[in-house]
Amino acid sequence: MPPRITPLAIATGILFLLTACVSDNSRTSGSAADHAWWKETIVYQLYPRSFKDSDGDGIGDLKGIISKLDYIKSLGVDAVWLNPIYASPNDDNGYDISDYRNIMKDFGTMADFDTLLKEMHARHIRLIMDLVVNHTSDEHSWFQQSRSSRNSPYRNYYHWWNAERGKPTPRWSFFDVNSDAWKYDSATNAYYLHYFSRKQPDLNWENPQVRKEVYDIMKFWLDKGIDGFRMDAFQFVAKDTTWPTFPPGYDKNIIKYYGMGPHLHDYLQEMNKEVIGKYDIMTVAEGAGSTLDDAMSLVDPARHELNMAYHFEGMDVGSHDSAYDLLDFKRVYTKWDSAFAQKGWVSIFLGNHDQPRMLSHWASDEPQYRDAASKMLNTFILTMRGTPYCYYGDELGMSNIKFDNIHDYRDIATINKYLELKHNGGDTAAFIQSQKRSSRDNGRTPFQWDATPNAGFTTGTPWLKVNPNYTTLNQQAQAQEPSSILNYFKKLTQLRHTTPALTYGAYTLIDPSNPNVYAYTRQYENKTYLILLNFKSHPSPIFLPTSIDLTTATPVLSNYPTHPPTTTLQPYEALIYDLTPTNP
Ligand code: GLC
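Residues numbered from 1 in each chain as written. Predicted model: local features only at pLDDT ≥ 70, side-chain atom pairs only at ≥ 80, totals over all residues. Heavy atoms only, no water.

What about the domain arrangement of the protein chain?
Here the domain parsing of the protein chain yields domain 1 (7-136 + 208-404 + 478-492), domain 2 (141-193) and domain 3 (505-578). Summarising the inter-unit geometry, the C-alpha centres of domain 1 and domain 3 are found 27 Å apart. With 37 residues of domain 1 at the interface, the matching set in domain 3 holds 40 residues. Interface of domain 1 and domain 3: buried area, both sides summed, is about 3,100 Å²; carbon and sulfur atoms make up 67% of it. The tally of links between domain 1 and domain 3 comes to 0 salt bridges. Broken down by secondary-structure element, the contributors of at least two residues to the side of domain 1 that touches domain 3 are α1 (7-20), α12 (326-339), α14 (367-383) and α18 (485-498). Here the residues of the side of domain 1 that touches domain 3 are counted per class, giving 22 nonpolar, 8 polar and 7 charged. (Domains from an automatic or database assignment. Contact = heavy atoms within 4.5 Å. Buried area = accessible area lost by both parts, 1.4 Å probe. Salt bridge = Lys/Arg side-chain N within 4 Å of Asp/Glu carboxyl O. Helix = DSSP H or I, 4+ residues; strand = E, 2+ residues; numbered from the N terminus. Nonpolar A, V, L, I, M, F, W, Y, C, P; charged D, E, K, R; others polar.)

Description of the sheet that holds strand β5 (residues 126-131)
Spatially, 8 strands are ordered β11-β10-β9-β5-β2-β1-β13-β12 in an open sheet, and the strand pairing comes out parallel. Strands at the two margins of the open sheet, each flanked by one partner only, are β11 (308-310) and β12 (347-348). Bridge count between strand β1 (residues 43-46) and strand β2 (residues 79-82): 4 bridges; the pairing is parallel. Residue Q45 lies in a different strand from β2, and its bridge partner there is W81. (Pairing = 2+ DSSP bridges.)

Section: the packing of aromatic side chains
Within the structure shown, the criterion is met by 63 aromatic pairs. Each ring, one from F143 and one from W160, has its centre 5.7 Å from the other, and the planes form 10 degrees; the classification is stacked. Here F143 is found in helix α6 (residues 141-148), whereas its partner W160 is found in strand β6 (residues 160-162), with 17 residues between them in sequence. Taking relative accessible area as the criterion, F143 reaches 0% and is therefore assigned buried. Between W161 and W182, the ring centres sit 6.5 Å apart and the planes meet at 55 degrees, which makes this aromatic pair tilted. Here W161 is found in strand β6, whereas its partner W182 is found in strand β7 (residues 182-185), with 21 residues between them in sequence. What makes W161 buried here is its relative accessible area of 11%. Residue W182 is classed as buried on the basis of its relative accessible area, which comes to 6%. (Phe/Tyr/Trp six-rings, centres within 6.5 Å; stacked < 30°, edge-to-face > 60°. Buried < 20%, exposed > 50% of the residue type's maximum accessible area, 1.4 Å probe, protein only.)

Describing the nonpolar core
Membership of the largest hydrophobic core comes to 148 residues, with the highest contact counts inside it found for I72, F113 and F380. Discounting residues that sit within four places of it in the chain, F113 has contacts with L62, I85, I103, L127, M129, W221, K224 and I226. Ranked by size, the runner-up nonpolar core spans 18 residues in total, among them A181, F196, W243 and F246. (Core = buried A, V, L, I, M, F, W, Y, C linked by side-chain atoms within 4.5 Å.)

Examining the sheet that holds strand β8 (residues 190-193)
Pairing is antiparallel in the open sheet, where 3 strands are placed in the order β6-β8-β7. Each edge of the open sheet carries a strand with a single partner, namely β6 and β7. Shown here is a sheet whose adjacent strand axes are inclined to one another by a mean of 30 degrees, direction ignored. Here β6 pairs with β8 via 3 bridges, running antiparallel. Note that in β8 the partner of W161 across the bridge is Y191. (Axes fitted to C-alpha atoms, helices over the stretch in contact; angles between N-to-C directions.)

Topic: α6
Looking at α6, one finds that the buried residues are W142, F143 and S146. In an axial view of α6, the angular spread of the buried residues amounts to 90 degrees, which keeps them on one side of the axis. Next to the buried residues of α6 lie β4 (99-103), β6, β8 and α7 (208-224). (Arc of directions from axis to C-beta.)

Observations concerning helix α9 (residues 264-274)
Along an α-helix, residues three or four apart share an orientation, since each turn contains 3.6 residues. Buried within α9 we find L264, Y267, L268, M271 and N272. With its buried residues spanning 135 degrees around the axis, α9 presents them on a single face. The inward-facing, buried residues of α9 abut α7, β9 (228-231) and α10 (292-299).

As for the pattern of salt bridges
Tallied over the full model, the rule gives 35 salt bridges. Here R211 ties to E270 by a salt bridge, and the two come within 2.7 Å at their closest N and O atoms. Of this pair, R211 sits in helix α7 while E270 sits in helix α9; the two residues are 59 residues apart in sequence, bridging distant segments of the chain. Judged by its relative accessible area of 12%, R211 falls in the buried class.

Quick word on the pairing of β2
Put simply, side chains in a regular strand alternate between the two faces of the sheet. Judged by which residues are buried, β2 turns out to be covered on both faces: A79 and W81 on one side and V80 and L82 on the other are all buried. Looking at chain direction, β2 and β5 are connected through 4 bridges and run parallel. Looking at β5, one finds that W81 is bridged to I128.

Quick word on the site of the ligand
Lining the immediate surroundings of the ligand are 13 residues, of which D92, D232, E286, H353 and D354 lie closest. Between R230 and the ligand, the recorded distance is 2.9 Å, taken from a side-chain N or O atom to an oxygen atom. Within the contact set of the ligand, an oxygen atom lies 2.8 Å away from a side-chain nitrogen or oxygen of H353. Relative to its free-state accessible area of 310 Å², the ligand is covered by the protein chains to the extent of 95%. (Near = heavy atom within 4 Å. Polar contact = N/O pair within 3.5 Å; in protein donor to acceptor, adjacent residues only side chain to side chain. Areas by Shrake-Rupley, 256 points an atom, 1.4 Å probe, with all protein chains shown as cover.)

If you want it as structure tokens, here you go:
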């Protein structure tokens, strides 16, 4: 039974929380509590291919996004992170760039881009672009020249290994059909390195000319007025080019063996001096190394590298398994919060274009739970310390599409893994089953605008099938329903913006050993908020310290119409309370 709680106990508890967290409020230079616009920003990540098609070719485009800017504004978000929109042959949906200063034809023109940026800024929405510079497309002119001759001035832009030296030391590749990151190229009798697909050769960051090219590209976009970069696969750019042999099993720990290579910090500090430090921008690295020290080394303000990074340890807790352990989840997020309690900054996300839909992954997309579960997960993202990244469609509760057939997939990661398995006589049926849970295409289906054909996304044939649940689950329907996931999401963004404690407040885990409920407080200056989240589909009791009395706390927001007078949470229930005494 939960303990009985008295008003005195509440006051004592708050005093305890205030004392425990006092160090967080220090305003020393570089402290986590130092204000910055990019800490107060709510980021909306938008997958351009799937947001809105304006010309009926089945592919989302910039004009489509422009037509929906008022919707984006209405969400209460402050910035959009746009996945790559540069010229690309689309081997990996734009993460294989053939021209960094041009727009992908599918998406429109540079004039469309200029309009998009102007219209976003007119609405006070910032634009964060993807910077993909671990690799280019093999169709980039640098690579074409590089592969044409061993004497090309571009030869050193990439990593080559001449075949007369024998085979290079093995390296593992994410998307290669043989998982082999070295591809033989007969034109010059040499192998080139590609950590991702064969059409994504890795740039050689040891070459100062390559780094200068990257800085020029960054300046090109920053001078147009964009507000920052999400730095793709950045922890992998620096390589040990003596190519040491890794121990067996290294491919199971890619970040440890490939990440944070020699000179990464030198490169970042140079980039900061040459570019980043000259603009007021937001910079976020994909990946944060494999230790908390790695992460801090990227974002410690004193080091002048990046603003923030996003870590994958949270995603790893539940990888490919819906029955993840909430205790692990809480441990990971609490650990990462404590790492940045004094200085530095982090990002909070539960899904993106490389992950399945957060609802299917972290909760339940069963129709009876969708509403409460989506609201609960959004509550988590928008009440934790760290810049929240909200993935398009999660404000509606979009879920995994769960294709039965390999021919429905478009993602190179799924397709090449399937081909590799098939080639080696593996269990392709089991693979298709697992992809229903984990494939990246689950999170890339077209946005569900309304109940018209193809969810109002396109008048043509969508490049990736629309989730058939769009007839009932769509933006138009939710806009009209006051208690919808969409309208709850807007309340959350508003609350985040008007409650500094949710951005800057110290985080304290409550009821740590509760396997079903994630409970924490956020405390800042004289305000304390309590957040209670039931991550399970069954009613779950919460055991609060005697210092907290829910009967006297002020309810702020919840995802159920009413909360019974008990300390048992309803399935996927989310509750936010203001614990600040009204009559101190
Ligand atoms: C990053 C991107 C992912 C892409 C890969 C290669 O992880 O988020 O979508 O496939 O880098 O660029």
